Amino acid sequence: MKIVAASLALVASASAFAPASMDSRNTALQMSLKNDLANAGKVALAGAAAFTVATAPAQALTKSEINSLTYLQVKGTGLANRCAEVVGEDSITPKSGQKLVDMCIEPKAWAVEEEIGKGGKTEKKFVNSKVMTRQTYTLEAIEGPLKVEGGNIVFTEKEGIDYAATTIQMPGGERVPFLFTVKDLVAKGNGGSFKPGFQMGGDFTTPSYRTGLFLDPKGRGGTTGYDMAVALPGLQSGEEGDDALFGENNKTFDVTNGRIEMEVNKVNADDSEIGGVFVATQLGDTDMGSKVPKKILTKGIFYAKVE
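Residues numbered from 1 in each chain as written. Predicted model: local features only at pLDDT ≥ 70, side-chain atom pairs only at ≥ 80, totals over all residues. Heavy atoms only, no water.

Q: Can you tell me about the packing of aromatic side chains, naming the residues and giving the values?
A: In this structure the tally under the stated criterion is three aromatic pairs. Above the ring of Phe-214, the side-chain terminus of Arg-210 is found at 4.1 Å from the ring centroid. (Phe/Tyr/Trp six-rings, centres within 6.5 Å; stacked < 30°, edge-to-face > 60°. Lys NZ or Arg CZ within 6 Å of the ring centre and 35° of its normal.)

Q: For unusual backbone geometry, give the residues involved together with the corresponding values.
A: In this structure, Ala-141 is a non-glycine residue whose phi angle is positive, near 60°. Tracing the backbone through its elements, the reader meets Ala-141 in strand β3 (residues 139–149). Given the relative accessible area of 33%, Ala-141 is considered partly exposed. (Helix = DSSP H or I, 4+ residues; strand = E, 2+ residues; numbered from the N terminus. Buried < 20%, exposed > 50% of the residue type's maximum accessible area, 1.4 Å probe, protein only.)

Q: Describe the pairing of strand β10 (residues 256–268), and please don't skip the residues or the numbers.
A: Taken together, the eight bridges between strand β9 (residues 199–206) and β10 define a ladder with antiparallel strand orientation. Residue pairing in the sheet places Thr-206 in a bridge with Thr-256 of β10. Taken together, the nine bridges between β10 and strand β11 (residues 273–283) define a ladder with antiparallel strand orientation. Opposite Glu-261, over in β11, you have Val-279 as the bridge partner. (Pairing = 2+ DSSP bridges.)

Q: Go over the pairing of strand β8 (residues 186–189), please, and point to the residues and values.
A: The alternating pattern of β8 places Ala-187 and Gly-189 on a buried face and Val-186 and Lys-188 on a face that is not buried. Note: strand β4 (residues 152–156) against β8, three bridges, orientation antiparallel. In the strand pairing of β8, Phe-155 is matched with Ala-187. Both β8 and β9 contribute to a ladder of two bridges, which runs antiparallel. Counted as the bridge partner of Lys-188 is Gly-201 from β9.

Purely geometric numbers; function is a separate question.
What follows is the structure in structure tokens.
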């Protein structure tokens, strides 16, 4: 019961992630999540760790066990969407010039910030949501260099399968698409060695969920298609006629920021492997600039290898 209570505390603690203001179209989409995660990150990571223990699969496999399986043994089982388990509580002290490779980031739970009314008052809280995407939402094969600055490890993400188009559904039935990613992540640690309790975190870039070639149901797009809804010319003529449909007609490729905090809880020095939990916050889809994105909280596990 203590573990379940701790995991529920994570959702409650998520309310500390205050919403970013959306004053202007361009700058308003840039989130300031550093202070949010600095204040709530430790509590959230503790809750994520408890959540992971409570929901850990009974047949979690190590990297060597996964590598020993054939294609047919993996096909249709969901193993390709799962991160490897790390066994051990050792310590690894990387040197500048080494890399983190084969990084896997697997979400386990999602929550969406929503305004909840109670007693005539409304407040913003994260509500648990369920994933609607099939098992293709895990990030894999991410790698990047490691360096030591001021005695602290710094990881810079460079390449890999570092984004996954994902859709989650809120309790009311509303579906929220977003691009789960850690593109351009620069994660700074709180020490010079990977060991249980080591934490690192940083900001990453979230590209637009849609690309410029996407066409909406009326054939409007960012780089191609119509520049207005052809069936509604009367609403889009004159100096002020386009105001109501400006967001729909003028497609944008919105790039926003997110933040992730990670904590190592398993280290295998013999195989140079680390594993742990993460908590990430980012904005969802803006429908190419036509709607205000929702803030999404993701928590789960990660795996990586020091090379």
